[in-house]
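The residues making up each chain are set out below.
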Amino acid sequence: MPHLLGLIREDVANVMEHDPAAKSRLEVFLCYSGLHAVWFYRINHWMWNHRLSLMARWWSQVARWLTGIEIHPAAKIGRRLFIDHGMGVVIGETAIVGDDVTLYQGVTLGGTGKEQGKRHPTLEDNVVVGGGAKILGNLTVGKNSRIGAGSVVLRNVPEQSTVVGVPGHIVFREGKRVVITDPKQINDPLSEALAAVATEVSRLRERVQQLEGSVPEPVPERLQQIMEDMDYQI
Ligand SMILES: CC(C)(COP(=O)(O)OP(=O)(O)OC[C@H]1O[C@@H](n2cnc3c(N)ncnc32)[C@H](O)[C@@H]1OP(=O)(O)O)[C@@H](O)C(=O)NCCC(=O)NCCS
């Protein structure tokens, strides 16, 4: 609590640094309801931890009426959380959010309705969650990962990855495209089809070479390049 003013200053500076739409500190202080919701949360979290749970819940509802953002006071939130635009964001009771996380409007860090105890996600540092994305259940999104707008994430996301779609699947990891080849991991039917076609082409190449009795031709440079740029680990 004594640090609240310092945290407010830090949040405003963070928005000034990262949002090209922000024109002045005063504008950020007055007009960014995502920050207002986080500041309410800081006070509510303090109350929650000091046995004022009903009061904390009540003020979190007041904050929701004012900002359109619902953050449960028991959630654990790191520094410089930036909720951009904000309306419709929900952060559940057992959610954990690291430092320097950005959430856009309509993001839910929610439960699946099937779990008890820790049932909301953990977002590590520097995660960005696009508008309308739903991250559901006790899963972890690794640091520096990005969740595409409108995705529904139901599994752990490794660090430095980009996840898109419903259900969410990894399209990039550590700067490389990901092709999903393990059928158990398949959330992406296109990857399954591509993996099957690639296997068939490889089989046909071998067969043609056997029939012709020729020395194997090298894989064309373009195809080689594509294979090198792919991450086939998942
Ligand atoms: C997911 C995201 C971070 C990816 O950005 P990126 O790393 O630059 O990746 P790309 O744009 O190159 O997209 C990679 C692939 O994922 C697809 N993709 C990107 N975002 C997607 C989404 N939200 N849903 C489904 N597919 C998506 C792209 O079509 C592309 O596929 P392709 O190469 O087969 O055409 C970005 O698209 C996104 O959704 N950002 C959220 C922004 C937001 O919510 N803004 C709200 C402002 S108010």
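Structure report, in brief. What you are looking at is a predicted structure, and each value in this text was computed from that prediction instead of being measured.

Re the side chain of Thr102
Here is step 1: Tracing the backbone shows Thr102 in strand 6 (residues 102–103).
Here is step 2: The contacts of Thr102, once residues within four sequence positions are left out, are Phe82, Val127, Val128 and Val129.

Quick look at the sheet that holds strand 1 (residues 70–71)
Here is step 1: Taken in spatial order, the 5 strands make up an open sheet running 1-4-7-10-13, and their pairing is parallel. In this open sheet, the two edge strands, each paired with only one partner strand, are strand 1 and strand 13 (152–153).
Here is step 2: For strand 10 (residues 134–136) and strand 13, the ladder comprises 2 bridges, and the chain directions are parallel. Its bridge partner being in strand 13, Lys134 is matched across the sheet by Val152.

So, the site of the ligand
Here is step 1: In the vicinity of the ligand, the residues found are His85, Tyr104, Gln105, Gly130, Gly131, Arg146, Gly148, Ala149, Thr162, Val164, Phe172 and Arg177.
Here is step 2: At 2.4 Å from an oxygen atom of the ligand is found a side-chain nitrogen or oxygen belonging to Arg146.
Here is step 3: At 2.3 Å, a side-chain N or O of Arg177 approaches an oxygen atom of the ligand.
Here is step 4: Compared with its free state, where it exposes 900 Å², the ligand has 48% of that area covered by protein.

What about the nonpolar core?
Here is step 1: Counting 30 residues, the largest nonpolar core has Ile91 and Leu103 as the members making the most contacts within it.
Here is step 2: Counting residues per element, this core draws most heavily on helix 3 (residues 33–49), which supplies 3 residues.
Here is step 3: In contact with Ile91, not counting residues within four places along its chain, are Glu70, Ile71, His72, Ala75, Ile77, Leu81, Leu103 and Leu109.
Here is step 4: Formed by 10 residues, the second largest nonpolar core is a distinct cluster that contains Val12, Val15, Tyr32 and Trp39.

Notes on unusual backbone geometry
Here is step 1: For the peptide bond that leads from Val166 to Pro167, omega is -10°, which places it in the cis range.
Here is step 2: Its location among the elements puts Pro167 in the loop between strand 14 (161–164) and strand 15 (169–173).
Here is step 3: One non-glycine residue, Asn126, lies in the positive phi region at around 70°.
Here is step 4: In this structure, Asn126 sits in the loop between strand 8 (122–123) and strand 9 (128–129).

Focus: the pattern of salt bridges
Here is step 1: Taken as a whole, this structure holds 6 salt bridges when the rule is applied.
Here is step 2: The shortest N-O distance in the salt bridge between Arg80 and Glu10 comes to 3.2 Å. Of the two residues, Arg80 sits in the loop between strand 2 (76–77) and strand 3 (82–83) while Glu10 sits in helix 1 (residues 4–18), which places them 70 residues apart along the sequence.
Here is step 3: Between Arg203 and Glu200 there is a salt bridge; the shortest N-O distance is 3.1 Å. Here the residue Arg203 and the residue Glu200 both occupy positions in helix 5 (residues 189–212), the gap between them amounting to 3 residues, near one helical turn.
Here is step 4: For Arg203, a relative accessible area of 46% gives the class partly exposed.
Here is step 5: Sharing partners across several salt bridges, the network here consists of Glu10, Arg79, Arg80 and Asp100.

Brief notes about the sheet that holds strand 8
Here is step 1: Spatially, the 4 strands line up as an open sheet ordered 2-5-8-11, and their pairing is parallel. Strand pairing shows two members of the sheet lacking a second neighbour, strand 2 and strand 11 (140–141), which therefore form its edges.
Here is step 2: Bridge count between strand 8 and strand 11: 2 bridges; the pairing is parallel. Looking across to strand 11, one finds that Leu123 is bridged to Val141.

Conventions and cut-offs
- Residues numbered from 1 in each chain as written.
- Predicted model: local features only at pLDDT ≥ 70, side-chain atom pairs only at ≥ 80, totals over all residues.
- Heavy atoms only, no water.
- Helix = DSSP H or I, 4+ residues; strand = E, 2+ residues; numbered from the N terminus.
- Contact = heavy atoms within 4.5 Å.
- Pairing = 2+ DSSP bridges.
- Near = heavy atom within 4 Å.
- Polar contact = N/O pair within 3.5 Å; in protein donor to acceptor, adjacent residues only side chain to side chain.
- Areas by Shrake-Rupley, 256 points an atom, 1.4 Å probe, with all protein chains shown as cover.
- Core = buried A, V, L, I, M, F, W, Y, C linked by side-chain atoms within 4.5 Å.
- Buried < 20%, exposed > 50% of the residue type's maximum accessible area, 1.4 Å probe, protein only.
- Salt bridge = Lys/Arg side-chain N within 4 Å of Asp/Glu carboxyl O.

Such coordinate-based values are descriptive only and should not be taken to indicate function.
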